[in-house]
Structures are given as C-alpha cells and as structure tokens.
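Summary of structural features
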Amino acid sequence: MAPLEPWEKVFVSAEKFLPTVHGQIPCTDCHGGKQSSDKNEAHTDIVARPSNGEAKACANCHTDISGVYSTSLHAQQTGYWTALNTRSVPENHPALEEMFGNHCASCHTTCGDCHVAQPKSVGGGLFEGHLFIAQPPMTRSCTACHGSRVGNEYLGKTEGIPGDVHFREGRMNCVNCHTSHELHGQPSNCSQCHEGIEDTTIPPADHRYDGVQSPSCVSCHPDVGLKSDDVQMHQQHGADLSCQVCHSVSYTSCDSCHVQISNKTGNPYFTTDATYLTFLIGRNTLKSFTRPYDYVPVRHIPVDPHSYDFYGDNLLPNFNLLPNWAYATPHNIQRNTPQTATCNACHGNADLFLTADKVNPEELEANLDVIVLEVPAVISDTVGTTETP
Amino acid sequence: MKKLFLRLTLFILALGLAACGQVKADLSAQSQPTRQAPTPQAATPTTAAVEAAVVTEAAPVDECVACHTNKELLIQVAEPEVKTESESEGTG
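The paragraphs below set out a description of the structure included in this document. Counting restarts for each chain: residues are numbered from 1 in the order of the written sequence. To label them, take the chains in the order written and letter them from A, then take the ligands in the order written and number them from 1. Note on the predicted model: pLDDT of at least 70 is required for a residue's local features to be given, and 80 or more for side-chain atom pairs to be given and counted; whole-chain, interface and lining totals, by contrast, use all residues. Remark: hydrogens and water are excluded; side-chain values derive from all non-hydrogen atoms of the structure.

It is worth spelling out the overall build of chain A at this point. Secondary structure elements are defined from DSSP: runs of H or I of at least 4 residues count as helices, runs of E of at least 2 residues count as strands, and each element is numbered from the N terminus. The number of helices and strands found in chain A is 18 helices and five strands. Here the globule rule reads 2.2 Å times residues to the power 0.38, and the radius of gyration is calculated from C-alpha atoms. Computed over the C-alpha atoms, the radius of gyration of chain A is 23 Å, within 12% of the 21 Å expected from 2.2 N^0.38 for a compact globule of 389 residues. A principal-axis box enclosing the C-alpha atoms of chain A has dimensions of 80 × 50 × 45 Å. Relative to its full complement of 389 residues, chain A shows a buried share of 38%. Note on contacts: a residue pair is in contact if any heavy atoms of the two residues lie within 4.5 Å. Pairs at least 24 apart in sequence give 65% of the contacts found in chain A among residues at least 6 apart. Accessible surface area values rest on a Shrake-Rupley calculation with a 1.4 Å probe, where residue burial reflects the displayed protein chains alone. Entry remark: accessible area of chain A is about 20900 Å², with carbon and sulfur atoms responsible for 54%. Side-chain charges of chain A comprise 22 positive and 43 negative groups, with the mean position of each set lying 6 Å from the other. Buried means the residue's accessible area, taken with a 1.4 Å probe over protein chains only, is under 20% of the maximum for its type, while exposed means over 50%, and partly exposed covers the values in between. This count recognises Lys and Arg as positive and Asp and Glu as negative, with His and chain-terminal groups excluded. Lysine's charge is taken at NZ, arginine's at CZ, aspartate's at CG and glutamate's at CD.

Given below as structure tokens:
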C-alpha cells in the first residue's frame, strides 16, 4: 500500500479507537508527555513507541505474553547471534555488536510493530486510527518486513512464479499457519499458559528452525503424514523429503551481502552482489524428530567471509562451521510442480540438486554437509504421474 | 375542606415531579463521557445549555485526543518528512 501521509501516521480515530478498551486508557499512561494544547509542551518526554524496550506499557495487562515474548526470535533476533557466534570468536564480538546495532537491530520487533503500527520499513504509521489489531494485517505488518523473499513468493510477486496455493486458493494469511505461540516465542514453561502436567521447561528458540516443526504441513494435511492418501510419492517419500522438495518452485537466493556506513550521509547501507532464482535440493543439516528429512530445498544466504569487513578484518574466522546454502522453506507451495510430474523428474536430474560444481569454490568447505554427493539414480520402471484428481 | 385536600394533592404532585426531574439530571451527569473529542464548532449557547452547564460539571478536555483526532489540525502541524535516499543495493 502507498505510504501514509505524515498526519495519517498519528491520526487517532475518535469513532473507532476511543470506544475500544485501549481507548479508555489515558494517552499519557502509555505515551508519557503532558496535557497541553501547545504541541511542544505536550510532547515533552513523549514515548512514541510505548512497547519498545521492556514493553512495560503492554506488560501491565498482557503479563502472560509479555513474559514469553521478551525471549522470542522476533524480540531478540537470536537467530542472527546464533550464526554470528558460531562463525566468529569472542574477541570479535564488540565489532560485531557495533555492526549488528547499525545494520540488523532495526528488525527487532516490539508488540506495537505488529499490533499497532506499520514497521518503519514501510514508513511507519498507526493502523486504522490507532486500533489495536489482534491478528497483524499481512501486507501492512508481516510482509512489510518479510517481503523480499517470503512476501514476494507467497503473494506471487516474483515474475513468472505463481503465488502460494494457500494464498491463491485459500486466501490464507500468515497467522493461519504461524500461530501466536510461535510468533510470540515458545513459552519457556508450558504451564505459564496451560494448567496441568505440561510443565516441562523449553528453552527459547535460538534460530527459526529450532525445536519442533511449527508450523507443520501435516497439521492440516494429516493424511499425507499418515501415508493414508493414495499419492504414491507420499507413500515412498513420506519422511525422507520435506514437503517443499516436491511442492515448491523457484525462489530467491542472494550472494555476498556487505554492510558499511555511508561517507556521505553517515547512514548504514548494504550491497548484495547478486539476486537470482534457484530451486536446488540439498541435504538436511537440521535433522530432528520433527524434521527427519534427508533432503530439503536450500537457499543461498548472502553472508560471506568478508560481509562485515567494514568493522574489522577477519571477523568470521570460523565461517566454514555453518553452511551458507541453508535449509529453506519457500513460501510458494504448489500442488503440482515439475518435481511432482514423474519419479525421474528428480531421479537422475542433477540440475535439481546442489552438487559440488554449483558451489563457489571458496564456500565448498562450509557446505560439505549440504552438498549432494550422488544424485539419486534414474528409476527405470517409471510409475508415471502422481497427479491427484 | 375540599379546597384544602385539593391544595394538598397538588402540592404532593408538584413535589413528586420535582424529584423525578432531579433524578433525570443526575443520570445525565453520570453518563457524561470524560474522553470525548471536542466538537470543532462552538454551539450557540441556549438557555437549556446554560442551565445544564450549571447543573453538570464540565468534562476535562484531553488535549492529546483533541489534537490527534482532528485531521485538519494534524495536517497543519505535522512536520514534513525528510526523505533520505537509500544507498543500499540489491535485495535486503
């Protein structure tokens, strides 16, 4: 949507907002400032984003969610630090923390960034005259940040690639699959929300694929998980391929992101060497009980050993400890894809697999666990198409 | 005697009506919203309005609400945004 006008960003609807529960709370309780008809005086010590920082304004009432959310990936961006810590060494952390503060921390997400206002990346501004929206609006909130890959894939904005079937056919939005438990962070203790015997302590996720697979396709497609449908490929590959191996199509990969501070403006900026569409199957480096797959789609993520050279030399000396062809869950699911056509659409088709010849020689060591050493052999007795009616 | 009875009846009736009127005034005072955006145009004071103002206490104006619900005022006072050209290249 078009960016809001400056006045629209701070407009409060008397009709919509004031009758709501949040509209009954005096403005100054959350925003500080002073009661004055003079703008400057009224805005003295104003808190424009009350949920920033420790989110005390929200925590006063929403104690259950606030307690959990503070350790969530959205709040902490822990996934970045999991990767940075693995690839670097402790003595490099001060430089990396400076880099992170300049280039990455703006993606830190507060309660208000999803429920009250648009993210800064799309210009900010209150939703609907300051209405608090329980389910964040997809394009004004979720894909405003998760836009260049997930948003474009899901909504079909990548030229020549149809949008995700769940959007095209089902008009599903992000929160239909990504539950509030997931988005707010796994509760550190189930009994915080659920009374009963579920009192096992679960540590907060340290990256997006940590813990149980959530969302999971089989939650809505249980017959596939139970192999009780009549699709032969589901019988054959139920647990050794992630669903996206067969049901996603080309998605975006990027090369070599470098960050620095502008000499002209003093603002942080980045450059990436290339952005391109790929569909490549690699080996699963994140095997777990709920992600038992041998093969998954892999996306080239743009980190390279020199991404942060602006902040110091060799800040990622352990770069090879993590692959930069990474486990991916493309958001462009199709019922029928080139892979679902026949067995030999994949078997014997080296073009679909991340083989060593497709990896930058400088990145070979980092990706040894992902690279497919031997492409699955051609199946001589082809069983034909698996397209369902 | 009849006149006295009639006068007494009328007096009681008048007392009852006066009491009902007071209850109504009290209820209207209680239902006065405290966080209403003020109406932009000042209404011509009428006798009834003046009387109501005497009976009910004026609700304090919430200055934040008064400004931020007033589109025209916000357009006047909103500071134009300085757009900085991004030097970033490629997909973020």
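Quick look at the interface of chain A and chain B now. With 31 residues of chain A at the contact, the number on the chain B side is 24 residues. Buried surface at the junction of chain A and chain B, summed over both partners, amounts to about 2300 Å²; 58% is from carbon and sulfur atoms. Salt-bridge detection follows one rule: a side-chain nitrogen of Lys or Arg within 4 Å of a carboxyl oxygen of Asp or Glu. One can count two salt bridges joining chain A with chain B. Between Lys39(A) and Glu79(B) there is a salt bridge, with the nearest N and O atoms lying 3.4 Å from each other. Polar contact is defined as a pair of N or O atoms within 3.5 Å, subject to the rule that within protein one atom must be able to donate a hydrogen and the other to accept it, and that residues adjacent in sequence are counted only when both atoms are side-chain atoms. For the pair chain A and chain B, the number of links is 12 residue pairs in polar contact (both at pLDDT 80 or more). Secondary-structure elements contributing two or more residues to the side of chain A that touches chain B are helix 1 (6-9), helix 2 (27-31), helix 11 (147-155) and strand 2 (268-278) of chain A. Per-element accounting of the side of chain A that touches chain B gives the leading share, five residues, to strand 2 of chain A. All residues other than Ala, Val, Leu, Ile, Met, Phe, Trp, Tyr, Cys, Pro, Asp, Glu, Lys and Arg, Gly among them, are scored as polar; the first ten of these are nonpolar and the last four charged. Taken together, the residues of the side of chain A that touches chain B break down into 13 nonpolar, 14 polar and four charged. For any pair of parts, buried area is found by adding up, for both, the accessible area (1.4 Å probe) each one loses once the two are put together.

What follows covers the pattern of salt bridges. All names here are of chain A. What the rule picks out here adds up to eight salt bridges over all chains. Asp113 serves as the salt-bridge partner of Arg49, at 2.7 Å between the closest nitrogen and oxygen. Here the residue Arg49 occupies a position in the loop between helix 3 (39-42) and helix 4 (56-59), and Asp113 occupies one in helix 9 (residues 111-115), the gap between them amounting to 64 residues. The exposure class of Arg49 is partly exposed, given its relative accessible area of 34%. Here Glu128 ties to Arg140 by a salt bridge, and the two come within 3.4 Å at their closest N and O atoms. Of the two residues, Glu128 is situated in the loop between helix 9 and helix 10 (138-145) and Arg140 in helix 10; the sequence distance between them amounts to 12 residues. Of the residues examined, Glu128 reaches a relative accessible area of 35% and is grouped as partly exposed. Judged by relative accessible area, which is 13%, Arg140 ranks as buried. Linked through salt bridges whose partners overlap, the residues forming this network are Lys16, Glu128 and Arg140.

Honestly, it's all geometry; don't read function into it.
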